[in-house]
Amino acid sequence: MQEDLKNKIDIRRIFKTSKQVMEEAYENILKYRRGELIPAKTGYDYIDEALLGGIFPQHAIAIGARPSVGKSYVAQKILENVMNPMINPQAEDYFLVNCEFEMNPQDLLLRRMSQDMKKRAPEILRRQDSNTVEEMRMFEILQGEIRNNIIYIDAPCTVKEFEAAVYHIATKHKDKRLIIFKVDHIALIKRMGLDPKSAIDDLVAVMNEAKLVYKNIFFLIISQFNREIEGRIKSPQEQPPRLSDFYQSDTLGQLCTLMIGLHNPRRYGLDKYMIFGKDWYQTLDRFKTENKTSFRTAGLVFHHILKVRQVSMEELTNTIHPEILPGHGWMYGEGGTKFVNPNQPPTPPKLYTVEDVTDNQEQETKEEQSLYCLLYTSPSPRDLSTSR
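Residues numbered from 1 in each chain as written. Predicted model: local features only at pLDDT ≥ 70, side-chain atom pairs only at ≥ 80, totals over all residues. Heavy atoms only, no water.

*Asks:* I'd love a proper account of the nonpolar core, names of residues and values included.
*Replies:* If you look at soluble globular proteins, the nonpolar side chains tend to sit buried side by side. Ranked by size, the top nonpolar core spans 36 residues in total, and within it Phe162, Phe181, Ile189, Met207, Ile217, Phe219 and Ile221 carry the most contacts. Broken down by secondary-structure element, the contributors of at least two residues to this core are strand E1 (59-65), strand E2 (94-100), helix H8 (159-172), strand E4 (178-184), helix H9 (196-213), strand E5 (217-224) and helix H11 (249-255). The leading source of residues in this core is H9, at seven residues. Grouped together as the second largest cluster of nonpolar side chains are 34 residues, Ala40, Ile63, Leu178 and Ile180 included. (Core = buried A, V, L, I, M, F, W, Y, C linked by side-chain atoms within 4.5 Å. Buried < 20%, exposed > 50% of the residue type's maximum accessible area, 1.4 Å probe, protein only. Helix = DSSP H or I, 4+ residues; strand = E, 2+ residues; numbered from the N terminus.)

Now the structure itself:
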């Protein structure tokens, strides 16, 4: 039987000499030292630090949270930065495949418009008279989203379809510096009769094989947390996310270089989050409560590094990153306006017109003339004494 297997399988193809493997790795390191290759900056310093400078090919990141905490938003911010040539000079040579299994294209575009225009989504959608200036801005945002190096899979697909898509794109764009697949979120893959665990296991196996075969591929994976984190919310020592909170954490852990858990404790009615020594997290003092043994929660979403492969946790500046939500910068020393009543924000400053300026100048002229008359036409004290 062993002799039959030898005859059927050419095992020589799976071996490489140490010289081949090490020299290939060495040449790759030199390319980064010379600037021929540059790690893709994510815009999050704590992520870039954990990844030794940014995103490298043949790696994967997983971001997990309970629903509506902001994991898709964080992933979108990362990819906007990665694909921005002003941040990453080699971005024009990147290729992005957005596998949007959860959000439809209208929601994605509306979210982007809301961020850029500083308006809530309902305000953008509200029926109104034609506003040419605003619609021009909306059209500019649309044009910014239409790029030749970004494509979409905008509905859930099967594992087989995903595998075919990965190998098609990876083969067609094998000369790109970086190919990014974002999967949002992993549990929505079509199961086609498989149980959820088996479907996710098969999907992760496809990703793992692809990143070993293709030298320029990277995966950004969005995953749901299970409900365990909600059962620990009353105990400050147990409030932070854990690796086991990821759905199928063992499977994802084998694939990913970095795993990040997001948490919004304010959603659970907490004013204070976690408990620790006063000397812990000294670079995050502005986010702490008065006694410095907990974090404040208003306007914050907490990012926790739960697993990192390339460095030890002890080497990182922080394993926690409090992200300030829009409109809350004033609370943490980043400027902005404090709205005393969110339903009645402060009255914006008056916008002056040419007529206003002209009226002001005329009023100032009249005041100057009145002052002149007062100073130069009123009798002096000497005149008054003479007249008496």
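*Asks:* Which residues make up H8, and what values do they have?
*Replies:* For H8, built from 14 residues, the straight-helix expectation of 20 Å at 1.5 Å per residue is met to within 8% by its first-to-last C-alpha distance of 20 Å. At its buried positions, H8 is contacted by E2, strand E3 (150-153), E4, H9 and E5. (Expected span 1.5 Å × (residues − 1). Contact = heavy atoms within 4.5 Å.)

*Asks:* Can you break down the pattern of salt bridges residue by residue, with the values?
*Replies:* Note on pairing: side chains with opposite charge can pair once their charged atoms come close. Tallying each qualifying case throughout the model produces 13 salt bridges. We note a salt bridge from Lys77 to Glu323, for which the minimum N-O separation is 2.6 Å. Highlighted residues: Lys77 in helix H4 (residues 71-82) and Glu323 in strand E10 (residues 320-324), separated in sequence by 246 residues. Judged by its relative accessible area of 8%, Glu323 is buried. Its salt-bridge partner being Arg227, residue Glu230 comes within 3.8 Å of it at the nearest N-O pair. (Salt bridge = Lys/Arg side-chain N within 4 Å of Asp/Glu carboxyl O.)

*Asks:* Please set out H9 residue by residue, giving values where relevant.
*Replies:* Taking 1.5 Å of rise per residue, the 18 residues of H9 would be expected to cover 26 Å, and the 26 Å separating its terminal C-alpha atoms lies within 8% of that figure. The inward-facing, buried residues of H9 contact E1, H8, E4, E5 and H11.

*Asks:* Summarise the packing of aromatic side chains; cite the residues concerned and give the values.
*Replies:* Enumeration according to the criterion identifies twelve aromatic pairs in this entry. Taking 5.7 Å as the distance between ring centres and 35° as the angle between the ring planes, the aromatic pair formed by Phe181 and Phe219 counts as tilted. Highlighted residues: Phe181 in strand E4 and Phe219 in strand E5, separated in sequence by 38 residues. For the pair Phe181 and Phe219, one class covers both residues: buried. Grouping aromatic residues by their ring pairs yields a cluster made of Tyr273, Phe276, Trp280, Tyr281, Phe295 and Phe302. (Phe/Tyr/Trp six-rings, centres within 6.5 Å; stacked < 30°, edge-to-face > 60°.)

*Asks:* Before we move on, could you go through the environment of Gly64 and cite the residues and values that matter?
*Replies:* Position of Gly64 relative to the elements: it lies in strand E1. Its relative accessible area of 0% is what places Gly64 among the buried residues. Separated by 240 residues in sequence, Gly64 and His304 have C-alpha atoms that sit 9.9 Å apart. Apart from the residues lying within four places of it in its own chain, the contact partners of Gly64 are Lys71, Ser223, Phe225, Phe246, Ile260, Gly261 and Leu262.

*Asks:* Can you lay out unusual backbone geometry for me, pointing to particular residues and giving the numbers?
*Replies:* The backbone of Gln58 sits at a positive phi, close to 65°, despite the residue not being glycine. With respect to the helices and strands, Gln58 occurs in the loop between helix H3 (45-50) and E1. In the Ramachandran plot, Met274 falls in the positive-phi region, its phi being about 70° despite a non-glycine side chain. Mapped onto the elements of the fold, Met274 is located in the loop between strand E7 (272-273) and strand E8 (295-296). For Met274, a relative accessible area of 9% gives the class buried.

*Asks:* Outline the packing of H4 against helix H5 (residues 105-117), supporting the account with residue identities and numerical values.
*Replies:* Where H4 meets H5, the axes come as close as 12 Å, and the angle between the chain directions of the two elements is 75°. Regarding the angle of H4 to H5, the classification is roughly perpendicular. Two secondary-structure elements touch here, H4 through Ser72, Tyr73, Gln76 and Glu80 and H5 through Leu108, Arg111, Arg112 and Gln115. Residues belonging to the contact of H4 with H5 are distributed by class as follows: two nonpolar, three polar and three charged. (Axes fitted to C-alpha atoms, helices over the stretch in contact; angles between N-to-C directions. Parallel < 35°, antiparallel > 145°, perpendicular 65-115°, else oblique. Nonpolar A, V, L, I, M, F, W, Y, C, P; charged D, E, K, R; others polar.)

*Asks:* So, the packing of H8 against H9: which residues are in play, and what are the values?
*Replies:* Interaxial distance between H8 and H9 falls to 10 Å at its minimum, and their mutual angle equals 10°. Classified by the angle their axes make, H8 and H9 are roughly parallel. Of the residues in H9, those touching H8 at Val159, Phe162, Glu163, Val166 and Tyr167 are Ala199, Asp202, Leu203, Val206, Met207, Glu209 and Ala210.

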